[in-house]
Amino acid sequence: MITIVVAMGLNNEIGAKNELLWHLPKDLKRFKEITTGHPIIMGRKTYESIGKPLPNRTNIIVSRKENYFEEGILIVGSLKEAIKFAKKIDENIFIIGGGNIYQQTIDLADRLEVTQVNAKLEADVFFPKIDGKIWVKIQEECHGKDDQNEYDFCFQTFERKEKL
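All figures in this text were calculated on a predicted structure; none of them were measured in a lab. (Residues numbered from 1 in each chain as written. Predicted model: local features only at pLDDT ≥ 70, side-chain atom pairs only at ≥ 80, totals over all residues. Heavy atoms only, no water.)

Participant: How do you make sense of the sheet that holds strand β1 (residues 2-8) when you look at a structure like this?
Facilitator: Hydrogen bonding along the main chain pairs the strands of a sheet, whether they run parallel or antiparallel. Read across the sheet, eight strands follow the order β5-β4-β3-β6-β1-β7-β10-β9 without closing on themselves; strand pairing throughout is mixed. The open sheet has two edge strands with one neighbour each: β5 (74-76) and β9 (135-143). For this sheet the average axis-to-axis angle between neighbouring strands, irrespective of direction, equals 20°. Where strand β3 (residues 39-43) and strand β4 (residues 58-62) come together, five bridges link them in parallel fashion. When the sheet's bridge partners are listed, Ile40 is paired in β4 with Asn59. Set on the sheet, helix α1 (residues 25-35) makes contact with β1, β3, β6 (93-95), β7 (111-117), β9 and β10 (153-160); between it and β10 the angle comes to about 30°. (Pairing = 2+ DSSP bridges. Helix = DSSP H or I, 4+ residues; strand = E, 2+ residues; numbered from the N terminus. Axes fitted to C-alpha atoms, helices over the stretch in contact; angles between N-to-C directions. Contact = heavy atoms within 4.5 Å.)

Pasting the structure below:
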């Protein structure tokens, strides 16, 4: 199963200047819970914004940059190659960004784990539109802003309709 994990604002914004737009500890905790123990696939810029391999996960980086190497990660030249490697490790694969990787994988994904942030912020990277003809929301859990989470947000799970 290929699952996309994304936090996005009300206009599908996900980032600006290679940074996340918000700090939501509850979202980070959920991200860790659902991806730990599984391969995660991301683009080079996403990896660089994180700054280090995420522990207890196989970190697979898609990069067209030659001579790109870093300890503790697997670097591949294409998304197809990344998915092939990930499937050898585990049947549950998680796509964690960025915008270009999401654009290329939304048609391959079986599930979307979305954190819908109740905010409209300036951004330069966006998530593709979630088409209601293709995706159905099967679960939603909402949280209000608090001392640590600066915005209201909802965890939403979508599944591809023909797979239901």
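Further notes follow.
Participant: For this particular structure, what's the right way to read the state of the cysteines?
Facilitator: Defined simply, a disulfide is a covalent bond joining two cysteines at their sulfur atoms. Enumeration according to the criterion identifies one disulfide in this entry. Covalently, Cys142 is tied to Cys154 through a disulfide, its sulfur atoms 2.0 Å apart. Its S-S torsion of approximately 105° makes the covalent link between Cys142 and Cys154 right-handed. Linking Cys142 in strand β9 with Cys154 in strand β10, this pair joins segments that are 12 residues apart in sequence. Classification of Cys154 by relative accessible area gives buried; the value is 16%. (Disulfide = S-S within 2.5 Å. Buried < 20%, exposed > 50% of the residue type's maximum accessible area, 1.4 Å probe, protein only.)

Participant: What is the right way to look at the nonpolar core in this model?
Facilitator: Grouped together as the largest cluster of nonpolar side chains are 25 residues, with contacts concentrated most on Ile4, Ile41, Ile95, Leu112, Phe127 and Ile130. Listing elements by their share of this core, those giving two or more residues are β1, β4, α3 (79-89), β6, α4 (99-105) and β7. The residues touching Ile130, leaving out its near neighbours within four places in the chain, are Met8, Leu112, Val114, Trp135 and Phe158. Of all hydrophobic cores here, the second largest spans 10 residues; its members include Val5, Phe31, Ile40 and Phe94. (Core = buried A, V, L, I, M, F, W, Y, C linked by side-chain atoms within 4.5 Å.)

Participant: Any chance you could explain the environment of Gln139 here in plain terms?
Facilitator: Checked against the element boundaries, Gln139 lands in strand β9. On the basis of relative accessibility, which here comes to 48%, the residue Gln139 falls in the partly exposed class. Spatially, the C-alpha atoms of Gln139 and Glu113 are 9.6 Å apart, while their sequence positions differ by 26 residues. Apart from residues lying up to four places away in sequence, Gln139 is in contact with Phe155, Gln156 and Thr157.

Participant: Even after reading the chapter, I still don't get the pattern of salt bridges, so can you show me in this structure?
Facilitator: For side chains of opposite charge, pairing can occur when their charged atoms come near one another. A complete count under the given rule lists six salt bridges for this structure. With a closest N to O distance of 3.6 Å, Lys26 and Asp146 form a salt bridge. With Lys26 in helix α1 and Asp146 in the loop between β9 and β10, this residue pair connects regions lying 120 residues apart in the sequence. Using a relative accessible area of 34% as the deciding quantity, one classes Lys26 as partly exposed. Here Asp146 falls in the partly exposed class, since its relative accessible area comes to 36%. (Salt bridge = Lys/Arg side-chain N within 4 Å of Asp/Glu carboxyl O.)

Participant: In this structure, what is going on with unusual backbone geometry? I would like to understand it.
Facilitator: With glycine set apart, most residues show a phi of negative sign, and most peptide bonds adopt trans. Here Gly97 and Gly98 are connected by a cis peptide whose omega angle stands at 0°. If you trace the backbone, Gly98 turns up in the loop between β6 and α4. Phi is positive for Lys17, close to 50°, though the residue is something other than glycine. Among the structural elements, Lys17 can be located in the loop between β2 (13-15) and α1. On the accessibility criterion, Lys17 (74% relative accessible area) is exposed. Despite not being glycine, Asn18 shows a phi value in the positive range, around 60°. Looking at where Asn18 falls in the secondary structure, it is placed in the loop between β2 and α1. The exposure class assigned to Asn18 is partly exposed, which follows from its relative accessible area of 39%.

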